[in-house]
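# Fold and contact review
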Amino acid sequence: MEPYRELLATMAVIAAGAMLGRLELRGVRLDMAAMLLVGAAFAHAGVTLSPALGIFGLLLFLYTVGTQAGPSLRSMRRRDSAMATAGVATAWVLLAAAFGIGDLLRLPAGLCWGALAGFFSSGASLALIENAWPGGEPAAGFSLAAPVSTLLVMLLTQTWHGRIRERAQPEVAAWNARMTGSREAIGAARIRVAAPEVDGRTLAELRLPCQVLWIRREGAILSPRGATALRAGDLLRVGGSEEALRRSASRLGVLLPDSDIHEGGRVAVRKFFVSNPGVIHVRLDTLSLPDRYSATVTRIRRSGVDLRPRAGLRLRWGDRVQVSAPAERMAALQRLFGDDAQGIERYAFPRAALVIFLGGTLGMLPLPLAAAHATRLGPALGVLILSLVTSMLHRTGPLVWSQTARTSRLLAQIGLPLFLAEVGNASYGGLVQAWARYGYRLPLFALLAVMILALLVLGLGRVLRQGPLATLSFLPSIALNTAAFTSLQDQHRERLPAHIYAVVYPVVSLVLILTFLAISLIR
């Protein structure tokens, strides 16, 4: 009966922690750090949680870190690489400075490294460092530093944002202009051909700034091609930006209100999920969609951003491709793109279980370092490395390794609470002893670390010549503080903070784990 009690107690901690974490005081909330506090409270009451569930949660969360970071590392642009590198350098400087402060405060090394893992809310780093300092010191430092640092970073982020809100307006306007200029096919309209100078001219000759989806002529629906010649009276359904639609209408004839009909006559408009390995990393022009299927790609959505469907664009797994084509060709297009999002998600957990099993086995294998010495990566790092590699490969033969973004988020939301609840519960004894011995020095250590990070971020913004909002976005991104980032992004319709977070977070998270691994091996 004991395992059932541990299981039920773990579920109770997660439920209570989720409710406590959502409580806000002047816009500040504990978020996931609440799991640590509730787990410790249960330990104070004499309730023990399941260690096996904690280990499972850690490995599952690390798996999702790899699946989300792998594609980002594979496709990172030069400017993004510079921001990620700067973020890693800042994190390293912070580690060195904070460890020096810990030495001045006469805190033991194990407690300092555990507190730094807690500062970054990096459960994987804690798992690695605990092997080097057995006895509970790292877990005790983590348990106190994680909630304190989370609160301090959130308070600093919100205070900082209040002071730069007005000065950030030009930066936000520039970001909007850049994003608007990079997207096309964001609207649709109908245009009646009435200008005599375009009668008989082909679409290739006209070079319209918008995309023609279909042409209605004398009751028939035509699929547009470059050689298609327009005639007076033709009705065109076109897609593009508002400016592109206006310019096209001024050249062709009369702009009519869009009927918002997605299928008319023989032509339909449909979105496909790219999952067929035969089209992944293939250029759009190589697919010859107009010639083979009389189809026109009108929009490609990737990671929440609309991309211009230019000829040289290479498709990636998970892209959402919107196509205008004759209705009878839709089945063939579905086979071409795959369109199997449900099939991918159906085997999401077995795929994760396989990687966790193989990665955990890899981490348990002895690695010779010298003639008489050997070490092990450990299951945590083994899972992280293998999930990174498999997500970058995407597939091996018939095996698809990638997960959809929705699946990765769901698995992370399951794994992290399981791990944090058990860590808070198991470290309670060490936390009580550490507080009795070191008192205020641990919270002071966390406060000084936050102040150092703030100064480093200010300098980073100046070096990279970033605006005030972009500079602030580095703070939660380098601190790996999801709660602070969420509070910042929720105040902006623009995705500028999210872009920096998506670039910096996975790289800093991975390098931080590798840094703690190196420290544990040296120790």
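Residues numbered from 1 in each chain as written. Predicted model: local features only at pLDDT ≥ 70, side-chain atom pairs only at ≥ 80, totals over all residues. Heavy atoms only, no water.

This next bit is on the overall build of the chain. From N to C terminus, the chain includes 22 helices and 14 strands. Counting all 523 residues of the chain, 52% fall into the buried class. Within the chain, contacts between residues at least 6 apart in sequence are counted, and of these 78% link residues at least 24 apart. Total accessible area on the chain is roughly 24,800 Å²; 59% of this is exposed by carbon and sulfur atoms. (Helix = DSSP H or I, 4+ residues; strand = E, 2+ residues; numbered from the N terminus. Buried < 20%, exposed > 50% of the residue type's maximum accessible area, 1.4 Å probe, protein only. Contact = heavy atoms within 4.5 Å. Areas by Shrake-Rupley, 256 points an atom, 1.4 Å probe, with all protein chains shown as cover.)

Let us now look at the packing of helix α5 (residues 109-119) against helix α7 (residues 137-164). Relative orientation and spacing of two packed helices are given, respectively, by the angle between their axes and the distance between those axes. Where α5 meets α7, the axes come as close as 6 Å, and the angle between the chain directions of the two elements is 35°. Between α5 and α7 lies a crossing whose hand is right-handed. Within the contact between the two elements, α5 uses Gly110, Leu111, Gly114, Ala115, Ala117, Gly118 and Phe119 and α7 uses Glu137, Pro138, Ala140, Gly141, Phe142, Ala145, Ala146 and Ser149. Residues of the contact of α5 with α7, tallied by class, amount to nine nonpolar, five polar and one charged. (Axes fitted to C-alpha atoms, helices over the stretch in contact; angles between N-to-C directions. Left-handed = near helix turned anticlockwise from the far one by under 90°. Nonpolar A, V, L, I, M, F, W, Y, C, P; charged D, E, K, R; others polar.)

For the rest of this paragraph, the subject is the packing of aromatic side chains. Per the counting criterion, the structure on display carries five aromatic pairs. When the ring of phenylalanine 272 is compared with that of phenylalanine 337, the centres are 5.6 Å apart and the planes differ by 20°; the resulting orientation is stacked. Here the residue phenylalanine 272 occupies a position in strand β7 (residues 267-273), and phenylalanine 337 occupies one in helix α13 (residues 330-337), the gap between them amounting to 65 residues. You'll find phenylalanine 272 and phenylalanine 337 in the same group, each marked buried. Taken together, the aromatic side chains of Phe99, Trp113 and Phe516 make up a single cluster linked through ring pairs. (Phe/Tyr/Trp six-rings, centres within 6.5 Å; stacked < 30°, edge-to-face > 60°.)

Comment: phi is negative for the bulk of residues other than glycine, and the bulk of peptide bonds are trans. With a phi angle near 50°, arginine 207 is a residue other than glycine that sits in the positive phi range. One non-glycine residue, arginine 465, lies in positive phi territory at about 55°. Along the chain, the position of arginine 465 falls in the loop between α19 (441-463) and α20 (468-478). By relative accessible area, which is 77% here, arginine 465 ends up exposed.

To continue, consider the pairing of strand β4 (residues 235-240). For β4, the tally of buried residues reaches six of six residues, placing the bulk of the element in the interior. In this structure, strand β2 (residues 211-217) lies alongside β4, joined through five bridges in antiparallel fashion. Looking at the pairing, isoleucine 215 lines up with leucine 236 of β4. (Pairing = 2+ DSSP bridges.)

So, on to the pairing of strand β10 (residues 320-326). Counting buried residues along β10, six of its seven residues qualify, which places the element largely inside the surrounding structure. Pairing of β7 with β10, which is carried by seven bridges, proceeds in the antiparallel orientation. Looking at the pairing, valine 269 lines up with serine 324 of β10.

Further remarks concern α13. All of the buried residues along α13 are Met330, Ala332, Leu333, Leu336 and Phe337. For α13, the angular spread of the buried residues around the axis is 155°, confining them to a single face. Once α13 ends, the next one or two residues include glycine 338, with phi positive near 100°. (Arc of directions from axis to C-beta.)

Along the polypeptide, isoleucine 414 turns up in helix α17 (residues 405-426). Isoleucine 414 sits 356 residues away from leucine 58 along the chain, and the two C-alpha atoms are 9.8 Å apart.

Bringing the packing of α7 against α20 into the picture now. α20 packs onto α7 with a crossing angle of 180° between their chain directions and a minimal axis gap of 10 Å. Relative to α20, α7 is oriented roughly antiparallel. On the side of α7, the interface is formed by Val153, Leu156, Thr157, Trp160, His161 and Ile164, while α20 contributes Pro468, Leu469, Thr471, Leu472, Leu475 and Pro476. Residues belonging to the contact of α7 with α20 are distributed by class as follows: nine nonpolar, three polar and no charged. (Parallel < 35°, antiparallel > 145°, perpendicular 65-115°, else oblique.)

Moving on, we get to the environment of glycine 467. Relative to the elements of secondary structure, glycine 467 occurs in the loop between α19 and α20. Judged by its relative accessible area of 22%, glycine 467 is partly exposed.

What follows covers the side chain of serine 149. Looking at the secondary structure, you find serine 149 in helix α7. Under the relative-accessibility criterion, serine 149 is labelled buried at 1%. From its side chain, serine 149 meets the backbone oxygen of alanine 145 in a polar contact 2.7 Å long. Apart from the residues within four sequence positions on either side, serine 149 is in contact with Phe119, Ala446 and Asn481. (Polar contact = N/O pair within 3.5 Å; in protein donor to acceptor, adjacent residues only side chain to side chain.)

Below, the discussion takes up the confidence of the model for the chain. Chain-level pLDDT for the chain is 80 on average; 85% of the residues reach the 70-or-more range. When pLDDT is averaged over each helix and strand of the chain, the minimum, 46, is found for strand β6 (residues 263-264) and the maximum, 91, for α19. Contacts of residues 180-186 to residues separated by more than four positions or lying in other chains number 14 contacts, the stretch itself having pLDDT below 50. For the stretch residues 260-264, pLDDT sits under 50, and the model shows eight contacts to residues farther than four places along the chain or on other chains. (pLDDT = per-residue confidence, 0-100.)

A few words on a nonpolar patch on the surface. On the surface, a nonpolar cluster with roughly 390 Å² of combined accessible area is contributed by Leu362, Leu365, Ile385, Val389 and Leu393. For the nonpolar patch, the leading source of residues is helix α16 (residues 379-393), giving three residues. By secondary structure assignment, the location of leucine 362 is in helix α15 (residues 348-364). (Patch = residues over 30% accessible without salt bridge, like charges linked within 9 Å, V, L, I, M, F, W, Y side chains within 5 Å. Salt bridge = Lys/Arg side-chain N within 4 Å of Asp/Glu carboxyl O.)

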